[in-house]
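Here's the letter readout for the chains.
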Amino acid sequence: MVRMSGVAKRFGDFRALKDISVDVPRGQVVVVLGPSGSGKSTLCRTINRLETIDGGAIEIDGRPLPEEGRALTRLRADIGMVFQQFNLFPHLSILGNVTLGPRKVRGLDKAAAEERALRLLDRVGIADQAGKFPTELSGGQQQRVAIARALAMEPKLMLFDEPTSALDPEMVGEVLDVMRDLAGTGMTMVCVTHEMGFARRAADRVLFMADGEIAEDAHPDEFFERPRSSRARDFLGKILAH
């Protein structure tokens, strides 16, 4: 589903990504871990070209990632993304937020879009909030709306960029539960997160990044029990110490 070959990204003199080459097969759940500044979010954001790349190539479902224009717009419609901040439209109801993309981009009529939206809101546990506005919901509820909104486009691939980092601790679990359920459906997922429990239980594979490079690429059991690199051992040691 995703193929990255020699991908490089710079911000001025800072090399955020250094020669990244990785494949994500269809249906796989990949969790990207690493310390702050290691390139995790940059890697995630290059997959749908929210960040341009300075070298290498990216393919999505066998096709080169378009640089701009309608081809890029079409591809982005097939890639759902959930951000740290919820990015909901405050002037639209929850139902309006979830139906907007399917109506404007997919061409669904209002009834079909609302039927799909209500089904997805029920799936993430907030169908009873459909008539409310984003400011009337908790952070955890808003993030679940953001997940439903992404799923309403029936994407081939879901990207999660630190989806729980802006939440109060008591709200994290409800979002991770939705993500675990989604992982169990066969959706291809790339998740940047600091949630070690989610990585261990829901991931098929862990990518550990350090200094803009993939330092380890392993099954969760192998990564958590037998990390190969000193950077990974230091990272896990600090996490477990807390």
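Owing to the predicted nature of the structure, the values given are computational and were not obtained by experimental measurement.

A count of helices and strands for the protein chain gives nine helices and ten strands. Against the compact-globule benchmark of 18 Å for 242 residues, the protein chain has a radius of gyration of 18 Å, which places it among compact chains. For the protein chain, the spread of C-alpha atoms along the principal axes amounts to about 55 × 40 × 30 Å. By the burial criterion, 50% of the 242 residues in the protein chain qualify as buried. A fraction of 66% describes how many contacts in the protein chain between residues 6 or more apart in sequence connect residues 24 or more apart. Surface accessibility of the protein chain: about 11,500 Å² in total, with carbon and sulfur atoms responsible for 46%. With 33 positive and 34 negative side-chain charges, the protein chain shows a spacing of 4 Å between the two charge centroids.

Our next topic: the side chain of Thr46. If you trace the backbone, Thr46 turns up in helix α1 (residues 40-46). With near-sequence residues (within four places) excluded, Thr46 lies in contact with Met4, Leu17, Glu51, Ile53, Ile58 and Leu65.

For helix α2 (residues 69-77), the set of buried residues is Leu72, Leu75 and Ala77. On its buried face, α2 is in contact with β4 (55-60) and β6 (79-82).

Another aspect to go through is the pattern of salt bridges. Enumeration according to the criterion identifies 14 salt bridges in this entry. Its salt-bridge partner being Asp23, residue Arg3 comes within 2.9 Å of it at the nearest N-O pair. Remark: Asp23 occurs in strand β2 (residues 14-24) and Arg3 occurs in strand β1 (residues 2-11); sequence separation between them is 20 residues. Shared partners join several salt bridges into a network, and the residues in it are Lys9, Arg45 and Glu51.

Procedures and definitions
- Residues numbered from 1 in each chain as written.
- Predicted model: local features only at pLDDT ≥ 70, side-chain atom pairs only at ≥ 80, totals over all residues.
- Heavy atoms only, no water.
- Helix = DSSP H or I, 4+ residues; strand = E, 2+ residues; numbered from the N terminus.
- Rg over C-alpha atoms; globule rule 2.2 N^0.38 Å.
- Buried < 20%, exposed > 50% of the residue type's maximum accessible area, 1.4 Å probe, protein only.
- Contact = heavy atoms within 4.5 Å.
- Areas by Shrake-Rupley, 256 points an atom, 1.4 Å probe, with all protein chains shown as cover.
- Lys, Arg positive; Asp, Glu negative; His and termini not counted.
- Charge placed at Lys NZ, Arg CZ, Asp CG, Glu CD.
- Salt bridge = Lys/Arg side-chain N within 4 Å of Asp/Glu carboxyl O.

Any link to function would need more than the numbers given here.
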